[in-house]
Amino acid sequence: MSADIAALLQTIADEAIALTDQGAVADYIPALANVPPRQFGIAVATVDGALHRAGSADQAFSIQSISKLFALTLALQREGDDLWQRVGREPSGTPFNSLVLLERESGVPRNPFVNAGALVITDVLCHRYLQPERAVLEFVHRLLGRTSVAIDAQVARSERLHSDRNAAIAHFMRSFGNLRQEVAAILDAYCAQCAIAMSCAELARAALFLAADGVQPGAARVLQAPDARRINALMLTCGAYDAAGDFAFRIGLPTKTGVGGGILAIVPGRMSICAWSPRLDATGNSIAAAAAIERFAATTGLSIFR
Ligand code: DON
């Protein structure tokens, strides 16, 4: 199986380069507009400790919304089920940065992966930690067993200077009483957390606890098994926003995407997969990375539905 995975990843990487001219990089965060777009990487980490990679799998990129997974895990560790009083568990059917449902639903976001939900999670972390973005970063360090990952300060500043939309979402939720800290502090922490830079290999390894019932292989328990399964359920239904149904149909695995072009997928009990390529489709998800994970799942037959 190991040799097969390595060979398959190489084939996928060779083919994916042809897709890297489709779509557009996320330029609403100006620092991301400068990322050279014709890049592709893929890595697979297995629960028994193997790591396979192809293409630019060791190139660090902006993890953006994939950071919401780590922030949610940390908030769940601290708050437990009380968290679900303030954020829902339903797909939104709207873009990641939409405000439309918030008025009808009294400032309670549909799920922790749309920006509104992630801002509630950041509010929780702001209450628990003096430097919430450091808490998320240090959590990633513990998952990896090393401290090599960092926040890209330039990307964080660039997003913070252009965060009117997230500021609007945050102020609106605060008017309903669903944010407790000051909006400016929440946005500072949120933009810094999204600006964590990691490679496909690092992301695949860091997220392995989600494939291993909440235990990080070779390290400690991160979450109780039911909570790890619930995060996988949220990834399947909400991880790709209004493309989540299409991703479930095409890929059949829990995924989490980011506008930096990364996509993380979990095969429960087996492995985690991370693919990256900067150009995105209209829903904000990487075209080449989605195609690569779709191809991997189809060729291996791995799916949560089999
Ligand atoms: O808040 C934002 O808009 C970005 N920091 C993250 C959005 C994102 O990655 C959406 N995922 N595809």
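Bear in mind that the values here come from a model prediction, so they are computed numbers and not experimental data. Along each chain, the written sequence defines residue order, and numbers are assigned to residues from 1. In view of the model being predicted, local features appear only for residues whose pLDDT reaches at least 70, and side-chain atom pairs are presented and counted only at 80 or more, with totals across whole chains, interfaces and linings using the full set of residues. Excluding hydrogens and water, the side-chain figures rest on all heavy atoms present in the structure.

(A) Structural detail: the site of the ligand. We call a residue near a molecule or strand as soon as one heavy atom of that residue lies within 4 Å of the molecule or strand. Surveying the vicinity of the ligand reveals 15 residues, the closest of which are Tyr28, Gln64, Ser65, Glu159 and Tyr190. Polar contacts, as counted here, are pairs of nitrogen or oxygen atoms within 3.5 Å of one another; within protein the pair requires one atom able to donate a hydrogen and one able to accept it, and residues that are adjacent in sequence qualify only if both atoms are side-chain atoms. Within the contact set of the ligand, an oxygen atom lies 2.6 Å away from a side-chain nitrogen or oxygen of tyrosine 28. The separation between a nitrogen atom of the ligand and a polar side-chain atom of threonine 257 is 3.5 Å. In isolation the ligand offers 350 Å² of accessible surface; the protein chains occlude 100% of this area. When grouped by side-chain class, the residues that make up the shell around the ligand number six nonpolar, eight polar and one charged. Note on areas: these come from Shrake-Rupley sampling with a 1.4 Å probe, and a residue is covered only by the protein chains present in the view. For this scheme, ten residues count as nonpolar: Ala, Val, Leu, Ile, Met, Phe, Trp, Tyr, Cys and Pro. Four count as charged, namely Asp, Glu, Lys and Arg, and the remainder, Gly too, count as polar.

(B) Region of the structure containing the packing of helix α8 (residues 164–175) against helix α9 (residues 183–194). Each axis is a line fitted through C-alpha atoms, taken for helices only over the stretch in contact, and angles between the N-to-C directions span 0 to 180 degrees. In DSSP terms, a helix is any run of H or I states spanning at least four residues, a strand is any run of E spanning at least two, and both are numbered starting from the N terminus. In contact at an axis separation of 10 Å, α8 and α9 are set at 135° when each is read in the N-to-C sense. If you check the angle between α8 and α9, you find them oblique. Crossing geometry of α8 relative to α9 is assigned as right-handed. For the pair α8 and α9, the contacting residues are Asn166, Ala167, Ala170, His171 and Arg174 in the first and Val183, Leu187 and Tyr190 in the second. Taken together, the residues of the contact of α8 with α9 sort by class into five nonpolar, two polar and one charged. Comment on the angle field: the value is read as roughly parallel under 35 degrees, roughly antiparallel over 145, roughly perpendicular from 65 to 115, and oblique elsewhere. Take the far helix as the reference: if the near one is turned anticlockwise from it by less than a right angle, the crossing is left-handed, and if turned clockwise, right-handed. Here, residues are in contact when the closest pair of their heavy atoms is within 4.5 Å.

(C) Quick peek at helix α11 (residues 225–238). Helix span, as expected, comes to 1.5 Å for every residue beyond the first. For α11, which comprises 14 residues, the first-to-last C-alpha distance of 20 Å matches the rise-based estimate of 20 Å (1.5 Å per residue) to within 8%. Among the residues of α11, Ala225, Asp227, Ala228, Ile231, Asn232, Leu234, Met235, Leu236 and Cys238 are the ones counted as buried. Think of it in three bands: with a 1.4 Å probe and only protein chains considered, a residue is buried below 20% of the maximum accessible area for its type, exposed above 50%, and partly exposed in between.

(D) Highlighting the pairing of strand β1 (residues 41–46). Of all six residues in β1, six are buried; the element is thus mostly enclosed. Going residue by residue along β1, you find Gly41, Ala43 and Ala45 tucked away on one face and Ile42, Val44 and Thr46 tucked away on the opposite face as well. Strand pairing follows a simple DSSP-based rule, namely that at least 2 bridges must link the two strands. As judged from the five bridges shared by β1 and strand β2 (residues 51–55), these two strands associate in the antiparallel manner. Bridge pairing in β2 links alanine 45 to leucine 51. The loop that links β1 with its antiparallel partner β2 comprises four residues; one of these, glycine 49, has a positive phi angle of about 105°. With six bridges connecting them, β1 and strand β8 (residues 271–276) associate as antiparallel partners. The partner of isoleucine 42 across the bridge, within β8, is alanine 275.

(E) Highlighting the pairing of strand β7 (residues 262–267). Within β7, six of the six residues are buried, which leaves the element mostly enclosed by the surrounding structure. Residues Gly262, Leu264 and Ile266 line one face of β7 and the alternating positions Ile263, Ala265 and Val267 line the opposite face, and both faces are buried. Where strand β6 (residues 255–257) meets β7, three bridges bridge the pair, whose relative direction is antiparallel. The partner of threonine 257 across the bridge, within β7, is isoleucine 263. In this structure, the hairpin formed by β6 and β7 is closed by a connection of four residues, where glycine 261 is found at a positive phi of approximately 100°.

(F) The state of the cysteines, seen in detail. Cysteine sulfur atoms are paired as a disulfide whenever they fall within 2.5 Å. Using the criterion set out here, one finds zero disulfides in the structure. A disulfide-free cysteine, cysteine 191 has its sulfur positioned 6.7 Å from the sulfur of cysteine 194, the nearest such atom.

(G) Geometry of the side chain of glutamine 39. Secondary-structure assignment places glutamine 39 in the loop between α2 (30–33) and β1. Polar contacts involving the side chain of glutamine 39 include one to the main-chain carbonyl oxygen of proline 36, which spans 2.9 Å. Not counting residues up to four positions away in its chain, the partners in contact with glutamine 39 are Thr20, Gln59, Trp276, Ser277 and Pro278.

(H) The environment of proline 91, seen in detail. Structurally, proline 91 can be placed in the loop between α3 (67–79) and α4 (100–104). In the structure, proline 91 is positioned 20 residues away from asparagine 111 in sequence and 6.6 Å away in space, judged by C-alpha atoms. In contact with proline 91, other than residues within four places in its own chain, are Arg110, Asn111, Thr237 and Cys238.

(I) A look at the packing of aromatic side chains. Only rings of Phe, Tyr and Trp enter the pairing, Trp through its six-membered ring, and a pair is recorded when the two centres are within 6.5 Å. The plane angle decides the type: under 30 degrees is stacked, over 60 is edge-to-face, the rest tilted. Under the definition given, this model contains six aromatic pairs. When the centroid spacing of 6.2 Å and the interplanar angle of 40° are considered together, the rings of tyrosine 28 and phenylalanine 96 count as tilted. On the criterion of sequence distance, the pair formed by tyrosine 28 in the loop between α1 (2–16) and α2 and phenylalanine 96 in the loop between α3 and α4 is long-range, its members being 68 residues apart. The class for tyrosine 28 is partly exposed, based on a relative accessible area of 38%. Ring centres of phenylalanine 96 and tyrosine 241 lie 5.5 Å apart, and the angle between their planes is 50°; on these two criteria the pair is classed as tilted. Of this pair, phenylalanine 96 sits in the loop between α3 and α4 while tyrosine 241 sits in the loop between α11 and α12 (244–250), and the two are 145 residues apart along the sequence. On the basis of relative accessibility, which here comes to 11%, the residue phenylalanine 96 falls in the buried class. Connected via pairs of aromatic rings, a cluster forms that spans Tyr28, Phe96 and Tyr241.

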